[in-house]
Amino acid sequence: MHKDSLAALAEGLRSRRFSSRELTEHFLKRIEQYDEALNSYVTVTAERALAQADAADAQIAKGEGGPLTGIPLAHKDLFCTNGVRTACGSKMLDNFIAPYDAHIVELLDAAGMVTLGKVNMDEFAMGSSTETSYYGPTRNPWDTDRVPGGSSGGSVAAVAAGLAPVATATDTGGSIRQPAALTGLTGIKPTYGRVSRYGMVAFASSLDQAGVVAHSAEDAALVLQGMAGFDMRDSTCVERPVDDYAAALGNDIRSLKIGLPSQYFGDGLDPQVRAAVDAAAAELETLGATLTPIELPNTPLSVPTYYVVAPAEASSNLSRFDGVRYGHRCAEPANLEDLYKRSRGEGFGSEVKRRIMVGTYVLSHGYYDAYYLQAQKVRRLIADDFARAFEQVDVILGPTTQGTAFALGEQTDDPVTMYLNDIYTIAANLAGLPAMSIPCGQSAGLPIGLQLIGRHFDEGRLLNVAHAYQQVSDWHAQWPEAYA
């Protein structure tokens, strides 16, 4: 059952070939069998999952429910889940039991989905390898000596290994697309404001966006449909009807114009990755799309821009963790200053501290104009590049990452090299655009990802293009041998 699509699972539930309880037990057994080696889950909510499965079975028995009713999923551990620990991969929140549900948790619960548990992540979503987690690194199911990417490494490892059919994730600078690429999955980051951020622990508020990782565009479309929509509790959530993503999957792509930015195919791109992406683009051309060279001249500035804006926002957001209100508190503080210093010093890991320091510096008096204000101006230039490109093309295509999954520990001592893992993905976040990664090949047995970027609120078109490609390729159907 773990290799079935969501549509196949839904059909099996409706036809009574198996129950949601049986399906849930199947995944719980796989978690027990395989996750010790992967470390994808930090909390398994077996009792809660079985109760939700029984409720879903009762709903299905009455002829009620929708396409997601009774299907299990895993939540990235920065979405608040009422009564369940929400730790964000950090010692700071190791003792935090969320008193309410995030909006997307509410929606997916209401759709009848079954929560298997919470999955591992880089601490406060700061990282590209899931090695900064307080709970230890997650391993890539394709090669357990390699990283699964990050920050949503637990989400992708769980799905890639068949420990959940689908998982929620978040993307601040590529944290859905990069790990999806490194584990052979389909991951989509919708337009900023398409999905509510209420109940999602903040890293960088103007960049964070919730999304989904799954095996196929069809599966991703079904879950994104269930989690998108307006929420008045999030002031950045856009009040706009949600498109029928599943219905758009069969649309013709013969009139589609696909842009190929020269900046995404330059120095640093692994030749095997380039060959796989070129082959995928040629396949889409065979299906009737037109390939057009385009320019995104400010793309090289996206990484330095991001690493000013994101740490600045993180510095502000993480100031709430002071040892007073909730989260980790040091033992026997001498005074208030000691309480602040030791609680934060003990509660945060080194990468989080690094970004807080950078963010505080660029926001400080005398440096705000030189760094933060300049970064915001460049951010606008990057967004303008995309606006001009979308006057010529409908979708932008390129590699998701420069190479395949790297070895555990290979980049932990070199933050700048680690930051460059998101060189192709960051710009979409700075511009607030929807983007996704789909598998398009392999190199030495490791998956390669293809990135698609669309206009604002054009998730349906991206999913349609991805689905069209997946109808004539089988990279999305490949499984790591040990978990098939």
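> How would you explain the environment of Gly 12 if you had to name every residue and give the values?
Position of Gly 12 among the secondary structure elements: in helix H1 (residues 6-14). Along the primary structure Gly 12 and Met 1 are separated by eleven residues, whereas in three dimensions their C-alpha atoms are 9.5 Å apart.

> A description of the packing of aromatic side chains should follow, citing residues and the corresponding values.
Scanning the entire structure with this criterion turns up 16 aromatic pairs. Where Tyr 34 meets Tyr 483, the ring centres are 5.1 Å apart and the plane angle is 70°; that geometry is what we call edge-to-face. One end of the pair, Tyr 34, is in helix H2 (residues 20-38); the other, Tyr 483, is in the segment after helix H15 (459-471), and 449 residues separate them in sequence. Relative accessible area serves as the criterion here: at 6%, Tyr 483 is assigned to the buried category. Judged by centre distance (5.6 Å) and plane angle (75°), the ring pair of Phe 321 and Tyr 326 falls under edge-to-face. Among the aromatic residues, those joined into a cluster by ring pairs are Phe 96, Phe 124, Phe 321, Tyr 326 and Phe 348. Just above the ring of Tyr 198 sits the side chain of Arg 233; from NZ or CZ to the centre is 3.9 Å.

> Please provide a residue-by-residue account of the side chain of Arg 197, values included.
Within the secondary structure layout, Arg 197 lies in the loop between strand E5 (186-189) and strand E6 (209-214). At 3.4 Å, the side chain of Arg 197 and the side chain of Tyr 192 are in polar contact. Look past the residues within four positions of Arg 197 in its chain and what remains in contact with it is Tyr 192, Ser 205, Asp 208, Gln 209, Asp 234 and Thr 236.

> Mind laying out the packing of helix H9 (residues 302-317) against helix H11 (residues 350-363), listing which residues take part and the relevant values?
Orientation of H9 relative to H11, taken along the N-to-C sense of each, is 100°, at an axis distance of 7 Å. With respect to H11, the element H9 is oriented roughly perpendicular. Residues Tyr 307, Val 308, Pro 311, Ala 312 and Ser 315 of H9 form the contact with H11, whose participating residues are Arg 355, Ile 356, Val 358, Gly 359, Thr 360, Val 362 and Leu 363. Partitioned by chemical class, the residues of the contact of H9 with H11 number eight nonpolar, three polar and one charged.

> Quick rundown of the nonpolar core? Include the residues and the values.
Counting 134 residues, the largest nonpolar core has Phe 124, Phe 386 and Leu 463 as the members making the most contacts within it. Counting five residues, the second-largest nonpolar core is a separate cluster that includes Val 147, Leu 182, Ala 405 and Phe 406.

> Before we move on, can you summarise the pattern of salt bridges with the specific residues and values?
Oppositely charged side chains can pair when the atoms bearing their charge come close. Counted under the stated rule, the structure contains 23 salt bridges. Note that Arg 325 and Asp 322 form a salt bridge whose closest N and O atoms lie 2.6 Å from each other. A residue is classified by how much of its surface remains accessible, and Asp 322, at 8% relative accessible area, is buried. Where Lys 341 meets Glu 337, a salt bridge forms, and the shortest distance between an N and an O atom there is 2.7 Å. Here Glu 337 and Lys 341 lie together in helix H10 (residues 336-347), a separation of four residues that amounts to about one turn.

Definitions and cut-offs
- Residues numbered from 1 in each chain as written.
- Predicted model: local features only at pLDDT ≥ 70, side-chain atom pairs only at ≥ 80, totals over all residues.
- Heavy atoms only, no water.
- Helix = DSSP H or I, 4+ residues; strand = E, 2+ residues; numbered from the N terminus.
- Phe/Tyr/Trp six-rings, centres within 6.5 Å; stacked < 30°, edge-to-face > 60°.
- Buried < 20%, exposed > 50% of the residue type's maximum accessible area, 1.4 Å probe, protein only.
- Lys NZ or Arg CZ within 6 Å of the ring centre and 35° of its normal.
- Polar contact = N/O pair within 3.5 Å; in protein donor to acceptor, adjacent residues only side chain to side chain.
- Contact = heavy atoms within 4.5 Å.
- Axes fitted to C-alpha atoms, helices over the stretch in contact; angles between N-to-C directions.
- Parallel < 35°, antiparallel > 145°, perpendicular 65-115°, else oblique.
- Nonpolar A, V, L, I, M, F, W, Y, C, P; charged D, E, K, R; others polar.
- Core = buried A, V, L, I, M, F, W, Y, C linked by side-chain atoms within 4.5 Å.
- Salt bridge = Lys/Arg side-chain N within 4 Å of Asp/Glu carboxyl O.

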